[in-house]
Amino acid sequence: MTATLDIATVQAFLLVADLQSFTRTAKALGTTQAAVSLKLQRLETLLGKRLVERSPRAVRLTADGAAFLERARALIAAHDCALSGEGSVAQSLSLGISDHAAGPELVPLLERLHAMSSNLTLAVTIGFSREMQEAYDSGQLDAVIVRQEGSRRGGEKLAEDEFGWFASRRFTVPKGPLPLATLAPPCGVRAIAVRALDKAGLKWRERFVGGGVTAVVAAALAGLAIAPLARRIAPPGLVDIGPTHKLPKLGSSKVMLHSKVSDPAKLAALRAVAATFRSVAAI
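The written sequence of each chain sets the order in which its residues are numbered from 1. Reporting in this predicted model follows two pLDDT cut-offs: at least 70 for local features of residues, and 80 or more for side-chain atom pairs to be given and counted; totals over whole chains, interfaces and linings ignore these cut-offs and use all residues. Side-chain figures throughout are based on the complete set of non-hydrogen atoms in the structure, without hydrogens or water.

S.K.: Go over the pairing of strand S5 (residues 143-147) with me, naming the residues and quoting the values.
M.R.: Within S5, five of the five residues are buried, which leaves the element mostly enclosed by the surrounding structure. Categorising residues by exposure relies on relative accessible area from a 1.4 Å probe, with only protein chains included: less than 20% of the type maximum marks a residue as buried, more than 50% marks it as exposed, and the intermediate range marks it as partly exposed. Helix numbering and strand numbering both begin at the N terminus, where a helix is a DSSP run of H or I of at least 4 residues and a strand a DSSP run of E of at least 2. The two faces of S5 match: Ala 143, Ile 145 and Arg 147 on one face and Val 144 and Val 146 on the other face are all buried. Judged from the three bridges that link them, strand S3 (residues 91-98) and S5 form a sheet pairing that is parallel. Bridging across to S5, Gly 96 finds its partner in Val 144. Bridging between S5 and strand S11 (residues 252-259) involves five bridges; their strand directions are antiparallel. When the bridges of S11 are listed, Val 144 appears paired with His 258. When DSSP finds two or more bridges between a pair of strands, those strands are recorded as paired.

Structure (structure tokens):
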């Protein structure tokens, strides 16, 4: 009898390859690490090849695993295409992400969603945490990744970010009011920074107001001003000048995933989102 590949097992292999962790893969699939390991062992036995190298610190693909990777992606894409059919309803997932939470996770997050299903239509909106939360509450979004604000409870914690005062290495702190680069109100990070400076009795002025974090980072890199940012999203060209210049500590905030999705395909996608976010945030 000809051996056949199990779709769920191949999907587990792809997650292990992308997340480089049996633990994170298990969380993404809503199962146990032992179950994922067993799936991979069965796949390796079926193929007669070792696909992954396991170590206490990481999981890496072998040469055979890397060679099988593209064939595995092609198989899942063909499987999704076969399931979609002409009469089926296209799946869509609307996801809102706080601009101050997006960071370096966005690219691998979208790659992971695409690898899971090429038939899943993604609608991703970037904006203020408060605006994303309001859109989610009103039913405009299936899920949101936002900073925890006020007394809001519930959701799934993805990361906890520490904030700092970031500026270009060539930036010189002036004798007068501190020049700030921030998002416009109602940005929660801006509010935290302003409250901290006011409480410390330090004068400040808005030197640059950006429509997105990318613009704020650009202003800081150009040497225009100091930007209050999470360490996770601050690029290598910026340094935290807070300790050197005795600026007030900004503390930390949790990044949360809120979802009202019940469809199995969308749930699987969101589990992958959570696992991907955690894996990149932990680096």
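Continuing now.
S.K.: Quick rundown of the nonpolar core? Include the residues and the values.
M.R.: As a rule of thumb, soluble globular proteins bury nonpolar side chains together. Within the largest apolar cluster, 31 residues are counted, with the highest numbers of intra-cluster contacts made by Trp 165, Ile 226, Leu 229 and Ile 241. Elements that contribute at least two residues to this core include exactly strand S6 (156-168), strand S7 (178-183), helix H8 (188-199), helix H9 (213-221) and strand S9 (227-230). It is H9 that contributes the most residues to this core, five residues altogether. Listed in part, the 20 residues of the second largest apolar core include Leu 93, Ile 145, Val 261 and Leu 270. In this text, buried Ala, Val, Leu, Ile, Met, Phe, Trp, Tyr and Cys residues form a nonpolar core when linked through side-chain atoms within 4.5 Å.

S.K.: Describe in detail the side chain of Thr 9, supporting the description with residues and values.
M.R.: Take Thr 9: it is sitting in helix H1 (residues 7-19). What makes Thr 9 buried here is its relative accessible area of 9%. What makes two residues a contact is simply this: any of their non-hydrogen atoms within 4.5 Å. The residues contacting Thr 9, other than those within four sequence positions of it, are Lys 39 and Leu 43.

S.K.: Can you lay out the pattern of salt bridges for me, pointing to particular residues and giving the numbers?
M.R.: Salt bridge criterion: a side-chain nitrogen from Lys or Arg within 4 Å of a carboxyl oxygen from Asp or Glu. Under the definition given, this model contains eight salt bridges. Residue Asp 161 is joined to Arg 147 by a salt bridge in which the shortest nitrogen-to-oxygen separation is 2.9 Å. Of this pair, Asp 161 sits in strand S6 while Arg 147 sits in strand S5, and the two are 14 residues apart along the sequence. Here Asp 161 and Arg 147 have matching classes, each one buried. Where Glu 160 meets Lys 157, a salt bridge forms, and the shortest distance between an N and an O atom there is 3.0 Å.

S.K.: An account of the packing of aromatic side chains is requested, with residue identities and associated values reported.
M.R.: Pairing of aromatic rings covers Phe, Tyr and Trp, the last counted by its six-membered ring, and requires centre-to-centre distances within 6.5 Å; plane angles under 30 degrees mean stacked, over 60 mean edge-to-face, and any other angle means tilted. Under the counting rule described, the total for this entry stands at one aromatic pair. Over a ring means this: the NZ of a Lys or the CZ of an Arg is within 6 Å of the ring centre and within 35 degrees of the ring normal. Lying over the aromatic face of Tyr 136, Lys 260 brings its terminal NZ or CZ to 4.3 Å of the ring centre.

S.K.: An account of the side chain of Ser 94 is requested, with residue identities and associated values reported.
M.R.: Mapped onto the elements, Ser 94 comes out in strand S3. The class for Ser 94 is buried, based on a relative accessible area of 15%. Engagement of the side chain of Ser 94 in a polar contact is seen with the backbone nitrogen of Asp 142, the distance being 2.9 Å. When sequence neighbours within four positions are dropped, the list of residues in contact with Ser 94 reads Ala 123, Gln 140, Leu 141, Asp 142 and Ala 143. The definition of a polar contact used here is a pair of N or O atoms within 3.5 Å, where within protein one atom must be able to donate a hydrogen and the other to accept one, and adjacent residues in sequence count solely through side-chain atom pairs.

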